[in-house]
Amino acid sequence: MYRLLSAVTVRAAAPGGLASSCGRRGVHQRAGLPPLGHGWVGGLGLGLGLALGVKLAGGLRGAAPAQSPAAPDPEASPLAEPPQAQSLAPWSPQTPAPPHSRGFARAIESSRDLLHRIKDEVGAPGIVVGVSVDGKEVWSEGLGYADVENRVPCKPETVMRIASISKSLTMVALAKLWEAGKLDLDIPVQHYVPEFPEKEYEGEKVSVTTRLLISHLSGIRHYEKDIKKVKEEKAYKALKMMKETVAFEQEKEGKSNEKNDFTKFKTEQENEAKSRNSKPGKKKNDFEQGELYLREKFENSIESLRLFKNDPLFFKPGSQFLYSTFGYTLLAAIVERASGYKYLDYMQKIFQDLDMLTTVQEENEPVIYNRARFYVYNKKKRLVNTPYVDNSYKWAGGGFLSTVGDLLKFGNAMLYGYQVGLFKNSNENLLPGYLKPETMVMMWTPVPNTEMSWDKEGKYAMAWGVVEKKQTYGSCRKQRHYASHTGGAVGASSVLLVLPEELDTETINNKVPPRGIIVSIICNMQSVGLNSTALKIALEFDKDRSD
């Protein structure tokens, strides 16, 4: 190193060396400045030597084995990442915002913060969100990891299980067949699927229809096989709801007299329930049911009926709501017989019509680009991969994969069909909706005797949960009308929510459908409630839209 520095210094001092080649002295003298002394040469040499020494030391350090680049942290702020560090995926938070999103910066920032909070609260590895306003996608983003082991970040193109949102997709197939006159919703299902045996309830012959199956009123079981446990839970919930109703009515009317007839009835019911010990014991949740983890491959919907077709009905059809994914397995068989096509072939045609090109049935063998891995926490609270499952027995009720972008397209197609009838008089050039307005109104009309488990304010309709517009007091909480469906599968949670704009004949001028907010969220962790989060996000964007 010393010899190297000396050589550089000598070269700098020599005529025609580094100093003269740079022409610094000549320029200095031509400028009319005092002549430079010989000391500058040594200083220049020393400076160059030090610079070269630093570079040489860096080169020696660079000779060490190269470290693998650190995996990008998907939760890091976009500004914290070097702009040239990696190629940016379209619609990622690092890329310039699309033109339609520029008016929603506040809503995006607020919603991103909310999703970070939810993700951290439940310990989800990854979560993806998409939002559209008036038919235009304004925001989509992934947080966390689609694949923890390989540090693959979530992105808008990430493909995940959408679970029970599959029911809403199946409803479109049923609606198209009904519109075409190929399906009667109100005749016994044996007309289409004779393989499903006729049923009795408490010795009485009863009919199961397509309409009852769609709204979970058929009495066909879900994953729980113990009819006694299900009935006890239903009775306990009914009693609890009655108590809440009594308390609310008393508070509303200002009555505290517990001797009135309604309270007496309540007390009698409570005493009767206590005498029968009707409060149910700890009931298994869906993720503790063995059938959720089936690995058997079913070739078609008819074959998968053997899982439940000979089981007794838990309730008389039409009398009580009992959410049932198996009911949608029977609906898939009805689609096959009414259409003349295999269920999956018929659904793929629908997906093509709706431009949902990344939505497919979940199968283990095919290579599906951007497919996420799915996770759960074990008994030791450690993150682990979920076990292998085969969802071929329930494609119609919970077996599809999709992206937030495809779900937004689906939601907008439904909203367009729902609203286009209002705009026909003001704009005759509008294209028809994929489903007719009267069909959409039927699908989004709450059905009596149903429940909406993810929002107690609503009711189940036809493969959608629906909350109706309501306001009880002036200048107080105003309940918006919206439709949604959530999903829960092994290692996955999801929601698709449609918040229509409140329209009237005076406000539709110079507007075209769809008008409203669509929010889709998918997550690779099970048992994550996402409906309230989706509604909050929709209201944030609706606020910015109004402003």
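From a predicted model like this one, the values you see are computed outputs, not experimental measurements. Every chain is numbered independently, its residues counted from 1 as its sequence is written. In keeping with the model being predicted, local features are shown solely for residues with a pLDDT of at least 70 and side-chain atom pairs are shown and tallied solely at 80 or more, while totals for entire chains, interfaces and linings include all residues. By convention in this description, side-chain values take in all heavy atoms of the structure and omit both hydrogens and water.

Enquirer: Where do I start with the overall build of the chain in this structure?
Expert: The secondary structure listing takes helices from DSSP runs of H or I that are at least 4 residues long and strands from runs of E that are at least 2 residues long, numbered from the N terminus. Looking only at helices and strands, one finds 16 helices and 15 strands in the chain. For the chain, with 547 residues in total, the buried portion stands at 46%. Using the Shrake-Rupley algorithm and a 1.4 Å probe, accessible areas are obtained, with residue cover drawn only from the displayed protein chains. Carbon and sulfur atoms make up 53% of the accessible area of the chain, which totals about 28800 Å². For every residue, the accessible area obtained with a 1.4 Å probe (protein chains only) is divided by the maximum for its type, and the residue is called buried under 20%, exposed over 50%, and partly exposed between those limits.

Enquirer: What is the right way to look at the sheet that holds strand S4 (residues 160-161) in this model?
Expert: Whether parallel or antiparallel, the strands of a sheet pair through hydrogen bonds between backbone atoms. A pair of strands counts as paired when DSSP detects no fewer than two bridges linking them. Reading across from one edge, S4-S10-S7 is the order of the 3 strands in this open sheet, with antiparallel pairing throughout. Strand pairing shows two members of the sheet lacking a second neighbour, S4 and strand S7 (360-361), which therefore form its edges. Pairing between S7 and strand S10 (residues 400-402): 2 bridges, direction antiparallel. Paired with Val360 across the two strands is Leu401, which belongs to S10.

Enquirer: Could you clarify how one ought to interpret the packing of helix H5 (residues 105-122) against helix H16 (residues 531-546) in this entry?
Expert: Two quantities define a packed helix pair, namely the angle between the axes and the distance from one axis to the other. Two numbers describe how H5 lies on H16: the axes approach to 8 Å, and their chain directions differ by 165°. Here H16 runs roughly antiparallel to H5, going by the angle between their axes. H5 and H16 meet at a crossing whose hand is right-handed. Side by side, H5 and H16 meet where Ala105, Arg106, Ala107, Ile108, Ser110, Ser111, Leu114, Leu115 and Ile118 of the first sit next to Thr533, Lys536, Ile537, Glu540, Phe541, Lys543 and Asp544 of the second. Axis definition: a line fitted to C-alpha atoms, limited for helices to the stretch in contact. Angles are taken between N-to-C directions and run from 0 to 180 degrees. Throughout this description, any angle smaller than 35 degrees is read as roughly parallel, any larger than 145 degrees as roughly antiparallel, any in the 65 to 115 degree range as roughly perpendicular, and the remainder as oblique. Each crossing gets its handedness from the near helix: less than a right angle anticlockwise from the far helix is left-handed, clockwise is right-handed. For this analysis, residues touch if any pair of their heavy atoms sits within 4.5 Å.

Enquirer: Would you take a moment to explain empty space enclosed by the protein for this structure?
Expert: Only protein atoms enter the 1 Å grid used here. Points where a 1.4 Å probe fits but cannot escape make up a cavity, open sets with protein on both sides within 12 Å along at least five of seven lines make up a pocket, and a residue lines them when an atom lies within 4 Å of a point. Grid points are joined across faces, edges and corners, and a volume is the space filled by probe spheres set on the points. The full count for this structure, using the stated rule, is 1 cavity of 30 Å³ or more. Reported here for the largest cavity is a volume of approximately 50 Å³. As for the largest cavity, its lining consists of Ser301, Ser304, Thr329, Ala332, Tyr343, Ser392, Tyr393, Lys394, Trp395 and Ala396. Of all the secondary-structure elements, those providing two or more residues to the lining of the largest cavity are helix H10 (301-304), helix H11 (325-339) and helix H13 (395-398). Here the lining of the largest cavity is built from residues that sort into 5 nonpolar, 4 polar and 1 charged. Here the nonpolar group is Ala, Val, Leu, Ile, Met, Phe, Trp, Tyr, Cys and Pro; Asp, Glu, Lys and Arg are the charged ones; every other residue, Gly included, is treated as polar.

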